[in-house]
Amino acid sequence: MPVVESAPLLSATSYGAAKIAAEAVVRAIGVERGLPYTIVRPSALYGERERPIQLVSTFLRLAQESGVLALDGGGAQTRDLNYAGNVADAIVLLIDRGPANAVYNIGSGEEVSISQLARMAVDSVYGESHRPTIISGPARPGEEGRLTRRRLALRLSAARLLG
């Protein structure tokens with residue numbers, strides 16, 4: 001089920017809590033100083049110049065080096081992976097044509113499990129005939145049983161406003 005912008009903001013990690021706090025600061029400055037703002041919540045990004053510790057680049061590197069991938073939590077967790085260039089285009093569109101003082105979730109709308117992503121990384125390096133060695137480890141703190149829900153690329157009301 002897609003996550004709508006009006007859904008309560010909850011986090012089981014300090015990273016998520018910091019992002020929620022940052023949104024509150026942006027809103028407060030906007031109100032105090034009468035400045036317009038646009039808050040964007042992109043789903044998990046991938047693309048050129050991705051940090052080496054990010055999920056996609058880590059899987060590709062491990063597949064190239066050894067074909068062995070470690071899946072924290074078994075790989076059932078899901079992500080909505082979003083190409084960074086698409087997110088940049090959406091942000092420009094929202095700043096140019098979106099209403100001020102609004103929040104937008106930006107996602108691909110395509111949910112992929114961590115185990116599917118691992119298989120895609122190995123397939124891109126070796127082809128579909130290679131069987132990767134997948135090591136399953138414990139879930140990271142805050143991710144036990146967590147499924148990241150999909151975020152719509154733009155909520156329908158925003159899509160209508162932006163044309």
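Located above this text is the structure these notes cover.
These notes cover the structure that comes with them. Because the structure is a prediction, the values reported are computed rather than measured.

Here we look at the sheet that holds strand E6 (residues 111-113)
One open sheet holds the three strands; their spatial order is E2-E4-E6, and the pairing between them is mixed. Every interior strand has two partners, whereas the edge strands, strand E2 (44-46) and E6, have only one. Between one strand axis and the next, the sheet turns by 50° as a mean value, whatever way the strands run. Here helix H3 (residues 84-97) sits on the sheet and contacts E2 and strand E4 (78-83); the angle it forms with E4, its principal contact strand, is near 70°.

Some points on the environment of Ala102
Among the structural elements, Ala102 can be located in strand E5 (residues 102-106). Exposure remark for Ala102: the relative accessible area of 7% places this residue in the buried category.

Structural notes on helix H1 (residues 14-33)
A turn of α-helix holds 3.6 residues, and therefore any two residues three or four places apart point the same way. Counted at 1.5 Å a residue, the expected span for H1 with its 20 residues is 28 Å, and the 28 Å between its end C-alpha atoms agrees. When H1 is considered as a whole, its buried residues turn out to be Gly16, Glu23 and Gly30. For H1, the angular spread of buried residues about the axis comes to 45°, placing them on one side. Among the exposed residues of H1, those pointing more than 90 degrees away from its buried face are Ser14, Glu32 and Arg33. The positive-phi residue at the C-terminal boundary of H1 is Gly34, with phi of around 65°.

Describing the pattern of salt bridges
Charged atoms that come close allow side chains of opposite charge to pair. Enumeration according to the criterion identifies two salt bridges in this entry. Each of Glu23, Arg27 and Arg41 takes part in a single network of salt bridges with overlapping partners.

A closer look at helix H4 (residues 114-126)
With 13 residues, H4 should reach 18 Å at 1.5 Å per residue; the first-to-last C-alpha distance of 18 Å fits that figure. Those residues of H4 not exposed but buried are Ile114, Leu117, Ala118, Ala121 and Val122. In an axial view of H4, the angular spread of the buried residues amounts to 135°, which keeps them on one side of the axis. At its buried positions, H4 is contacted by helix H2 (55-65), strand E3 (68-72), E4 and E6. Phi turns positive one or two residues past the end of H4, at Gly127, with a value near 95°.

Here's the deal with the packing of H2 against H4
Where H2 meets H4, the closest approach of the two axes is 9 Å, and the angle between their N-to-C directions is 45°. Considered as vectors, H2 and H4 are oriented oblique to each other. Where H2 crosses over H4, the two elements pack in a sense that is right-handed. Contacts between H2 and H4 involve Leu55, Val56, Phe59, Leu60, Ala63 and Gln64 from the former and Ile114, Leu117, Ala118, Ala121, Val122, Ser124, Val125 and Tyr126 from the latter. Taken together, the residues of the contact of H2 with H4 sort by class into 12 nonpolar, two polar and no charged.

Criteria and cut-off values
- Residues numbered from 1 in each chain as written.
- Predicted model: local features only at pLDDT ≥ 70, side-chain atom pairs only at ≥ 80, totals over all residues.
- Heavy atoms only, no water.
- Pairing = 2+ DSSP bridges.
- Helix = DSSP H or I, 4+ residues; strand = E, 2+ residues; numbered from the N terminus.
- Axes fitted to C-alpha atoms, helices over the stretch in contact; angles between N-to-C directions.
- Contact = heavy atoms within 4.5 Å.
- Buried < 20%, exposed > 50% of the residue type's maximum accessible area, 1.4 Å probe, protein only.
- Expected span 1.5 Å × (residues − 1).
- Arc of directions from axis to C-beta.
- Salt bridge = Lys/Arg side-chain N within 4 Å of Asp/Glu carboxyl O.
- Parallel < 35°, antiparallel > 145°, perpendicular 65-115°, else oblique.
- Left-handed = near helix turned anticlockwise from the far one by under 90°.
- Nonpolar A, V, L, I, M, F, W, Y, C, P; charged D, E, K, R; others polar.

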